[in-house]
Amino acid sequence: MAAKYDVVVVGAGNAGISAAVKAALEGKKTLLIEKHNLPGGCASSFRRGRFEFDPSVHEICDWGPDDNKGDVRLLFERNGVKMDWVTVPECYRCISKYSDGTPMDISMPTGREPFIDKMEEYVPGTREAMNKLFDLFAEMKAAVKYMNDGTPNDSKYMQTNFPNVLRTCGYPSLKVLQALKLPQKAIDILSVYWCYLGVPLDELNFLHFGNMLDMYICRKAVIPHHTSHEISMQFMERFYELGGEAWFNCRAEKFLFDGDRICGVETNMGTIECEQVLANINPDIIYAKMMPKELVPEREKKLSTARKHNYSARMCVAYFALNKSREELGIDDYTVFFPSTSDTRREYESLAHIDTNKFSILLCYNKLIPDFSPEGTCVVSFTTMYGPDDWNKITPQEYAGIKDKFAKQCIETMKEKYGVDIEPYIEEMEVSTPMTFARYLGTPEGSTYGYELSGWDGMLARMMLIPEEFPIKGLRHIGAASFRGDGYSSTWINGDMCAAMACAELKEGGNK
Amino acid sequence: MALNIKVGLIGLLDMLKFANLGKVRKQAIDAAPANEITAEYKINNFAKEMHPDFQELVVDQIIDHGDADARSFILKRADGKPAAYFRAGQYISLKLPIGESFVTRPYSISSSPEWTKEGKLAVTIKKNPEGFAADYLLANLKVGDKVIGSEGLGSFYYEKLRDAKNVIALAGGSGITPFLSMAYAIRDGIEDFNLTILFGSRTENAVLFRKELDDICAATPKVKVVHVLSDEEKPGFEHGFITAEIIQKYAAGEYSVFICGPEAMYRFAAGEVAKLGLDRKHVRRELLGATKKVWEQPGYPQDKKDQVFKLTVKQGEKEIVCDCPANEPVLVAIERAGIKAPSRCRSGECGWCRSRLTEGEVFIPEETDGRRWADKQMNEIHPCASFALSDLTLIVPGEYY
């Protein structure tokens, strides 16, 4: 006899745990299944020796202070997920070269005025253009709020109230920054966060990029005190409190159909019947491997062909626990970006290959959380992302060597650009490659950002077609491959929205 | 001044560009052919080869080590494929149906990683009067029998960026196995470091892998073995236990100490190593194993020691109620009840058995509490290193074999 649920959430990544909480909150009998033995997907942790490492978190956006709450904070409050955060007081430091080849070492603060002041200091004469940019951000924030509030969008209203947004948001970010007459050096400084979305600025939609910049600068970022696993566990605690059930080490093998409607999931722990499925799995995998071929919609085949397996951000991370404090070592920043160029297109191209990729982002959690690791120690990590080609060719015998080479490159980059040599102090270390992410997340090629958010497949374009994005009855794709794209914040919001849609459909269908 | 930003020459066209984003997407999708969707990825296949759900292995050969009271089992992939590649020093978790129980046991791999190409790996099991699984395997496992195993696990391996180039290995009895694998890996050019093994045995005859170690030492100057005999005094051998003095005698330059051996040997060695004043990063140990006499742990409530509690295990839709003696890990009770629940290291460290405690209280010895911070706050336990202090209800994960 099969277990029966209203809603089954497949995959306990960020979108999955958020969706599960929402469905349970709506009073639906909800089961969350996860093939790994932990919730969170990327938002997790692992132990080595006396240290606990965070596999992925850098900066979580859209939380915001009491008087300027962001969507993520509103979601946590609405759904009753408790969390104590640590605020990231600065935006970023970036040590690189400007597009004209001159050296760059900038530290950008949070807050509109401090950010503009600092920009004026680094690139004199930018105040007016920067003010315009932030005015545009403010208009954009209002427009996004209007577009997301659930009421049908009135184009007249939008034209009257958000004319600048409508005029700029169809364009790639670089074009808009240039139209604002910002000098290239200022654009170089502004472009640092491009890697959080994985698309170069000559392609990345401005609304998406601008909205992200605004959230980081004006609302400040936050991070969990005790690794991302703490966040995922807070979602789980809430889910259990609402009566939700979770099965770990439970892998969905096949989706079951009643006619053209999804009606269940086959797993290693038995068959589960349900009305609605929220699948935190890449759609290509579902259509190719988890359902009858004849039921795959034409539109999804065309979409997949058009996307050409263009998955985004195969992360590679080196984690080091050091047996000296960050003060002793001279690490005085939380996050430092080390791009090899400020030209995001050139950087994007160089990321593709192991030999050309010199990009990394340094994190030192202890800068914000002194007790992140035992006294007298600190934890740092370096993140970059790759294209698929080189990682496709590695043999098991070469693998450990490639990991070491990457770790060594990170150490060398820090030594050269930051002036700190951490190598003698490594007590524990680990390297996560695209293979590691593929192992634990099951995403195509270990990508963490879903499909690349470029051109016609950008976030805004996806959101405009939400009604068409889920053509199979009872099935919704959630996670980075869904309409909001990548990032903790986006995937939590996406999971919540999709669960709300599924629950609404249950109501309309007259189901329990 | 009102904000008036245009990107193109005519603002109205800019607006149209925004409004058309959806249309452009639609057109891009419509224009593509409706090919069959594929999802084959080399990176994912690689991850699967390195970390399969399990490996079905067949006993290919059994080698008896005579006076050393041990046997090596050479295992071969049943499907003829290469065995999952591993780092020399790692262990494999065997999943064994014994009677009504499904138990797991971690054994260090004693063969070279090179063997995986031919689908092979070896584990070496020493006779152990208290060992339930070890004695079962020694008595029952025959050539041709099938066993389910994991991939290579754990982080007890040499890491050149972290460890000193010179490694002093302290081995006791069957604790030689990870070092034998490392020595083979050095000989085979897979690893590159200087390994000096201080190998404690009772007598010369009881030395495990004497010939194998001699052969490796003859083949590479990077591996050296010093035998330390506790029960015999012989020329060419060190006598007694592995002390700080002996370590210092054979150590040169900056060195890391790696320790693997039975609990008693480990405790003695750890005390000796402490005298050397090494940085913590230069001392690494293999898994401790399950705590044997939990009632001797600080803070253990003595009145619980001999009690037997009721354990309710939920796994998916299944619910099983069984006895749970206070003096052995909760995992053992789960296994006795015939439940296939995941576990690997059995030392509290790897977290593979991580389960949700919804009712009841457990005792978790500090030294084997390898849980994540949030798990400690939110009632997630590692049953392999937890001991019942009351009736318990536990939600355990599923299994894949």
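By convention here, each chain's residues receive numbers from 1 onward along its written sequence. Lettering of chains starts at A and numbering of ligands starts at 1, both following the order in which they are written. Two thresholds apply to this predicted model, a pLDDT of at least 70 for residue-level local features and 80 or more for giving and counting side-chain atom pairs, whereas whole-chain, interface and lining totals are computed over all residues. Hydrogens are left out, water is left out, and the side-chain values use all remaining heavy atoms of the structure.

### So, the overall build of chain A
The way it works is that DSSP assigns letters per residue, a run of H or I at least four long becomes a helix, a run of E at least two long becomes a strand, and they are numbered from the N terminus. Within chain A one finds 19 helices and 18 strands. Each radius of gyration reported is based on C-alpha atoms, and the globular scaling rule is 2.2 Å times the count of residues to the power 0.38. The C-alpha radius of gyration of chain A comes to 23 Å, within 12% of the 24 Å expected for a compact globule of 512 residues. Residues counted as buried form 65% of the 512 residues belonging to chain A. Note on contacts: a residue pair is in contact if any heavy atoms of the two residues lie within 4.5 Å. Pairs at least 24 residues apart make up 71% of the contacts formed inside chain A by residues separated by at least 6 positions. In this count, Lys and Arg are taken as positive residues and Asp and Glu as negative ones, while His and the chain termini are left out. Here the site of a charge means atom NZ of a Lys, CZ of an Arg, CG of an Asp or CD of a Glu. Chain A carries 58 positive and 72 negative side-chain charges, and their two centres are separated by 3 Å. Burial status follows relative accessibility: with a 1.4 Å probe on protein chains alone, a residue under 20% of its type maximum counts as buried, one over 50% as exposed, and anything between as partly exposed.

### So, the interface of chain A and chain B
The interface of chain A with chain B comprises 108 residues on the first partner and 76 residues on the second. Buried area: the sum, over both parts, of the accessible surface (1.4 Å probe) that disappears when the two are put together. Summing both partners gives a buried area of about 7,900 Å² for chain A against chain B, and 62% of it is carried by carbon and sulfur. By convention in these notes, a salt bridge is any Lys or Arg side-chain nitrogen within 4 Å of a carboxyl oxygen on Asp or Glu. Connecting chain A to chain B are ten salt bridges. Residue arginine 356 of chain B is joined to glutamate 237 of chain A by a salt bridge in which the shortest nitrogen-to-oxygen separation is 2.8 Å. Side-chain atoms alone can form a polar contact between residues adjacent in sequence; in general such a contact is a pair of N or O atoms within 3.5 Å, and within protein one must be able to donate a hydrogen while the other accepts it. On the surface where chain A and chain B come into contact, there are 37 residue pairs in polar contact (both at pLDDT 80 or more). With ten residues, the top contributor of residues to the side of chain A that touches chain B is helix H12 (residues 298-307) of chain A. When residue character is reported, Ala, Val, Leu, Ile, Met, Phe, Trp, Tyr, Cys and Pro are called nonpolar, Asp, Glu, Lys and Arg charged, and the others, Gly included, polar. Grouping the amino acids of the side of chain A that touches chain B by side-chain chemistry returns 50 nonpolar, 23 polar and 35 charged.

### Thoughts on the packing of helix H16 (residues 434-441) of chain A against helix H3 (residues 42-50) of chain B
The N-to-C vectors of H16 of chain A and H3 of chain B enclose an angle of 75 degrees; their axes lie 8 Å apart at closest approach. In terms of orientation, H16 of chain A lies roughly perpendicular with respect to H3 of chain B. Contacts between H16 of chain A and H3 of chain B involve Pro434, Met435, Ala438 and Arg439 of chain A from the former and Ile43, Asn44, Phe46 and Ala47 of chain B from the latter. Its residues placed into classes, the contact of H16 of chain A with H3 of chain B shows six nonpolar, one polar and one charged. Simply put, an axis is a line fit to the C-alpha atoms, just over the touching stretch for a helix, and the angle between two N-to-C directions goes from 0 to 180 degrees. Note that the term roughly parallel is reserved for angles under 35 degrees, roughly antiparallel for angles over 145, roughly perpendicular for angles of 65 to 115, and oblique for everything else.

### Quick word on the packing of aromatic side chains
Planes of paired rings set the category: under 30 degrees apart is stacked, over 60 is edge-to-face and the rest tilted, where pairs are Phe, Tyr or Trp rings (Trp by its six-membered ring) whose centres lie within 6.5 Å. Within the structure shown, the criterion is met by 40 aromatic pairs over all chains. Between tryptophan 63 of chain A and phenylalanine 76 of chain A, the aromatic rings sit 5.4 Å apart at their centres with planes inclined by 85 degrees, giving edge-to-face as the arrangement. Separated by 13 residues along the polypeptide, tryptophan 63 of chain A in the loop between strand S4 (51-53) and helix H2 (71-79) and phenylalanine 76 of chain A in helix H2 bring together distant segments of the chain. Here tryptophan 63 of chain A matches phenylalanine 76 of chain A in class, with each residue buried. Among the aromatic residues, ring-to-ring pairing joins Trp63, Phe76, Trp85, Phe235, Tyr488 and Trp492 of chain A into one connected group. Put simply, a charge is over a ring when the Lys NZ or the Arg CZ is close to the ring centre, within 6 Å, and near the line of the ring normal, within 35 degrees. In this structure, lysine 185 of chain A packs its charged tip against the face of tyrosine 98 of chain A, placed 4.7 Å from the ring centre. Between arginine 251 of chain A and the ring centre of tyrosine 400 of chain B, over which it is positioned, the NZ or CZ distance is 4.5 Å.

### Some words on a nonpolar patch on the surface
All names here are of chain B. Two distance rules govern patches: like charges are joined within 9 Å, and nonpolar side chains (Val, Leu, Ile, Met, Phe, Trp, Tyr) within 5 Å, applied only to residues with over 30% relative accessible area and no salt bridge. Accessible surface area values rest on a Shrake-Rupley calculation with a 1.4 Å probe, where residue burial reflects the displayed protein chains alone. A contiguous nonpolar surface patch, about 600 Å² in accessible area, is contributed by Leu9, Ile10, Leu12, Leu13 and Leu16. Tracing the backbone through its elements, the reader meets leucine 9 in the segment before helix H1 (11-19). Assessed through its relative accessible area of 82%, leucine 9 is described here as exposed.

### As for the sheet that holds strand S6 (residues 146-149) of chain B
Residues and elements named next belong to chain B. In spatial order, the strands read S4-S3-S6-S1-S2-S5; together these six strands make up an open sheet with antiparallel pairing. Each edge of the open sheet carries a strand with a single partner, namely strand S4 (101-108) and strand S5 (120-126). Taken pair by pair, the neighbouring strands of this sheet meet at an average axis angle of 40 degrees, ignoring direction. At least two bridges found by DSSP between two strands are what make those strands a pair. As judged from the seven bridges shared by strand S2 (residues 70-77) and S5, these two strands associate in the antiparallel manner. Along S5, the bridge assignment pairs isoleucine 74 with alanine 122.

### Here we look at the domain arrangement of chain B
All names here are of chain B. Segmenting chain B into domains produces domain 1 (50-149), domain 2 (166-285) and domain 3 (294-395). Throughout, the edges of the domains are those of an automatic or database domain assignment. Taking only C-alpha atoms into account, the centre of domain 1 sits 23 Å from that of domain 2. Counting residues at the interface gives 19 residues for domain 1, matched by 16 residues for domain 2. With both chains or domains summed, domain 1 and domain 2 bury close to 1,400 Å², and 62% of this area falls on carbon and sulfur atoms. Seen at the junction of domain 1 and domain 2, the total is one salt bridge. The tally of links between domain 1 and domain 2 comes to two residue pairs in polar contact (both at pLDDT 80 or more). At the level of secondary structure, the elements contributing two or more residues to the side of domain 1 that touches domain 2 comprise S2 and S5. Among the residues forming the side of domain 1 that touches domain 2, the class breakdown is seven nonpolar, eight polar and four charged.

### Focus: the domain arrangement of chain A
All names here are of chain A. Under the domain assignment used here, chain A contains domain 1 (3-66 + 226-307 + 455-508), domain 2 (108-219) and domain 3 (313-441). For domain 1 versus domain 3, the separation of C-alpha centres amounts to 29 Å. Carbon and sulfur atoms supply 63% of the area that domain 1 and domain 3 bury against each other, a total of about 1,800 Å² over both sides. Considering only the side of domain 1, the residues that lose the most area to domain 3 are Arg50, Phe51 and His58, jointly responsible for 34% of the buried surface there. Linking domain 1 with domain 3 are two salt bridges. In this assembly, domain 1 and domain 3 are joined by seven residue pairs in polar contact (both at pLDDT 80 or more). Where the side of domain 1 that touches domain 3 is concerned, the elements lending two or more residues are strand S3 (46-48) and S4. Counting residues per element, the side of domain 1 that touches domain 3 draws most heavily on S4, at three residues.

### Examining the pairing of S4 of chain B
Across the eight residues of S4 of chain B, six count as buried, placing the element largely inside the fold. Between strand S3 (residues 91-98) of chain B and S4 of chain B, which follow one another and run antiparallel, lie two residues, and glycine 99 of chain B among them has a positive phi close to 60 degrees.

### Quick notes on the side chain of threonine 305 of chain A
Summarising the element assignment, threonine 305 of chain A is placed in helix H12. With a relative accessible area of 19%, threonine 305 of chain A lands in the buried category.

### Details of the confidence of the model for chain B
On average, chain B scores 95 in pLDDT, and the residues at 70 or more come to 100%. Interface confidence in the predicted complex, given as ipTM, is 0.96; pTM for the same model is 0.97. For every residue, the predictor assigns a confidence score, pLDDT, that lies between 0 and 100.

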